[in-house]
Amino acid sequence: MMKLQDKFDAFKAEFEAGKLPFTLAAQDHELMRRAINELNATGTAARALKCGDTAPAFELPDADNTRLSSHDLLVNGPLIISFFRGAWCPYCNIELQALEAAQPELKSRQAQLVAISPQTTRGNRQSIRDNALTFPLLSDHGNQLAALFGLRYRLPDNLRDLYLNRLNLDLTRLNQDDSGTLPMPARYVIAQDGRILYAEVNADYTRRPDPLELLPVLDALR
């Protein structure tokens, strides 16, 4: 089975080669690469919550606007949280599909999976529909929870302009928020006592771990 990063690399190669329905100029791709490198250079990812830290408690709305709390999600077993950017991000959709494919393995280990982004409940319904998901997607308005995890960052103005004017992505409208912030993609495993057992954060949204890397962590809890 093709690993998640291999799928990312294949998509990125086609995107940068102009083989997809939406194409960008070479300088646009360079701007996006530069933004990733600049965020990586800030060291923000290294300062995010990590193994051994205590995860913040939360209560957020799902796609049906029902509020789910971390307390309730942790009742029956460990909690897996995947922070993603939104339905507009093709890398996020590829990752959500990979997480869905891993659901049988995760469920067999009594793990509950949720994915969290700053998009609205309407955006979450779109993500669930487009990717045929069976796990909850939660809305983190203004990336407030992402900030508590140390994941929130502000997009550079030139990148926001590129998204808006070259890709027709109005993040203010999609997220109902004008902060211009996003979460760095991240994945956590949280024990029932709130301890973080696994943490993977990357300033480069084109690089993410395979969901099956979570299985040894979950197996160690059994």
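Given the structure is predicted, the values throughout are model-derived calculations rather than measurements. (Residues numbered from 1 in each chain as written. Predicted model: local features only at pLDDT ≥ 70, side-chain atom pairs only at ≥ 80, totals over all residues. Heavy atoms only, no water.)

1. What about the pairing of strand 9 (residues 196-201)?
If a strand is regular, its side chains alternate between the two faces of the sheet.
Reasoning step 1: Note: strand 8 (residues 186-190) against strand 9, five bridges, orientation antiparallel. By the bridge assignment for strand 9, Val 189 is matched with Tyr 198.
Reasoning step 2: Hairpin geometry of strand 8 and strand 9 is characterised by an intervening segment of five residues between the two adjacent antiparallel strands and by a positive phi of about 95° at Gly 194. (Pairing = 2+ DSSP bridges. Helix = DSSP H or I, 4+ residues; strand = E, 2+ residues; numbered from the N terminus.)

2. Observations concerning the pairing of strand 4 (residues 112-117)
Reasoning step 1: In terms of burial, strand 4 is a largely internal element, five of the six residues being buried.
Reasoning step 2: Here strand 3 (residues 79-83) runs beside strand 4; their pairing, made up of five bridges, is parallel. Of the residues in strand 4, the one forming a bridge with Ile 81 is Val 114.
Reasoning step 3: Note: strand 4 against strand 5 (residues 137-139), three bridges, orientation parallel. Following the sheet pairing, Ile 116 is matched in strand 5 by Leu 138.
Reasoning step 4: Crossover strand 4 to strand 5 through helix 7 (residues 121-131) is right-handed. (Buried < 20%, exposed > 50% of the residue type's maximum accessible area, 1.4 Å probe, protein only. Right-handed = clockwise from strand over helix to strand, strands pointing away.)

3. Quick notes on the nonpolar core
Reasoning step 1: By size, the foremost hydrophobic cluster in this structure holds 68 residues, and its most contacted members are Phe 83, Phe 149, Leu 151, Tyr 163 and Tyr 188.
Reasoning step 2: Ranked by the residues each element gives to this core, the list is headed by helix 5 (residues 90-101), at six residues.
Reasoning step 3: Excluding residues within four positions of it along the chain, Tyr 163 makes contact with Met 32, Arg 85, Trp 88, Leu 155, Asn 168, Leu 169, Leu 171 and Tyr 205. (Core = buried A, V, L, I, M, F, W, Y, C linked by side-chain atoms within 4.5 Å. Contact = heavy atoms within 4.5 Å.)

4. Things to note about a positive patch on the surface
Reasoning step 1: Positive charge collects at one region of the surface, where Arg 122, Arg 125, Arg 129 and Arg 173 lie side by side.
Reasoning step 2: It is helix 7 that contributes the most residues to the positive patch, three residues altogether.
Reasoning step 3: Look at Arg 129 and you get exposed, because its relative accessible area is 59%. (Patch = residues over 30% accessible without salt bridge, like charges linked within 9 Å, V, L, I, M, F, W, Y side chains within 5 Å. Areas by Shrake-Rupley, 256 points an atom, 1.4 Å probe, with all protein chains shown as cover. Salt bridge = Lys/Arg side-chain N within 4 Å of Asp/Glu carboxyl O. Lys, Arg positive; Asp, Glu negative; His and termini not counted. Charge placed at Lys NZ, Arg CZ, Asp CG, Glu CD.)

5. Quick notes on the pattern of salt bridges
Reasoning step 1: Per the stated rule, a full pass over the model turns up 11 salt bridges.
Reasoning step 2: A salt bridge links Arg 187 to Glu 95; its shortest N-O distance comes to 2.6 Å. Here the residue Arg 187 occupies a position in strand 8, and Glu 95 occupies one in helix 5, the gap between them amounting to 92 residues. For the residue pair Arg 187 and Glu 95, the accessibility class agrees, reading buried in each case.
Reasoning step 3: The partner of Arg 195 in a salt bridge is Asp 193, with the nearest N and O atoms 2.7 Å apart.
Reasoning step 4: Arg 195 sits in the partly exposed class, given a relative accessible area of 39%.
Reasoning step 5: You can call Asp 193 exposed: its relative accessible area is 52%.
Reasoning step 6: Overlapping salt bridges bring together Glu 105, Arg 109, Asp 219 and Arg 222 as one network.

6. Looking at the packing of helix 1 (residues 4-16) against helix 5
Reasoning step 1: Axis separation between helix 1 and helix 5 bottoms out at 10 Å; the angle between their running directions is 155°. It follows that helix 1 is roughly antiparallel to helix 5 by the angle criterion. As for how helix 1 packs across helix 5, the hand of that crossing is right-handed. Where helix 1 abuts helix 5, its residues Leu 4, Lys 7, Phe 8, Phe 11, Lys 12 and Phe 15 lie against Pro 90, Tyr 91, Ile 94, Glu 95 and Ala 98.
Reasoning step 2: Across the contact of helix 1 with helix 5, the residue classes break down as eight nonpolar, no polar and three charged. (Axes fitted to C-alpha atoms, helices over the stretch in contact; angles between N-to-C directions. Parallel < 35°, antiparallel > 145°, perpendicular 65-115°, else oblique. Left-handed = near helix turned anticlockwise from the far one by under 90°. Nonpolar A, V, L, I, M, F, W, Y, C, P; charged D, E, K, R; others polar.)

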